[in-house]
Amino acid sequence: MPKAPYKIFSISWGNGGEVCVELSVSKAQWDRIVRGDTISIKGEGYGYDGDWFKDIWNFSGGLDGNLEVCYGQPSIGDYSGQGFVGAPRDALTD
């Protein structure tokens, strides 16, 4: 049985927020984020306009630090799309 997520982040981007992605983190990942470690976590990915994309969440500097969510197509290997830039606190769902 899968372990329940410790915390969930959620963001959206695009015209009218047409892309919405969530990231569930474990207690160990949460502790690293709060401590201010630089950490990258791959999201579940999402479908958009008939294509598959992968989301990568880059945290640094704690809850009031930086969160950048990049995306790209795994088949191409380019993850330079920038979906969100802000503070991790702004993306927390609870």
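Model, not experiment: these values are computed from the prediction.

Peer 1: What is the right way to read the nonpolar core from this model?
Peer 2: Counting residues in each nonpolar core, the largest one holds 20 residues, and the members touching the most others are Phe9, Ile11, Trp57 and Phe59. Looking at this core, the elements that each hand over two or more residues are strand 1 (7-13), strand 2 (19-25), helix 1 (27-35), strand 3 (39-42), strand 5 (51-60) and strand 6 (66-73). The leading source of residues in this core is strand 2, at four residues.

Peer 1: So what exactly am I meant to see when it comes to the pattern of salt bridges here?
Peer 2: Pairing between side chains becomes possible if they bear opposite charge and their charged atoms approach one another. Using the criterion set out here, one finds four salt bridges in the structure. The closest approach of N and O atoms between Lys27 and Asp31, which form a salt bridge, is 2.8 Å. You can see Lys27 and its partner Asp31 sitting in helix 1, four residues apart, about one turn around the helix. For Asp31, a relative accessible area of 30% gives the class partly exposed. Asp37 is paired through a salt bridge with Arg35; the nearest N and O atoms lie 2.8 Å apart. A relative accessible area of 23% means that Asp37 is categorised as partly exposed.

Peer 1: Would you mind going over the environment of Leu92 with me for this structure?
Peer 2: Here Leu92 shows up in the segment after helix 2 (88-91). Setting aside chain neighbours within four positions, we find Leu92 in contact with Lys7, Ile8, Phe9, Trp30 and Leu63.

Scoring rules and cut-offs
- Residues numbered from 1 in each chain as written.
- Predicted model: local features only at pLDDT ≥ 70, side-chain atom pairs only at ≥ 80, totals over all residues.
- Heavy atoms only, no water.
- Core = buried A, V, L, I, M, F, W, Y, C linked by side-chain atoms within 4.5 Å.
- Buried < 20%, exposed > 50% of the residue type's maximum accessible area, 1.4 Å probe, protein only.
- Helix = DSSP H or I, 4+ residues; strand = E, 2+ residues; numbered from the N terminus.
- Salt bridge = Lys/Arg side-chain N within 4 Å of Asp/Glu carboxyl O.
- Contact = heavy atoms within 4.5 Å.

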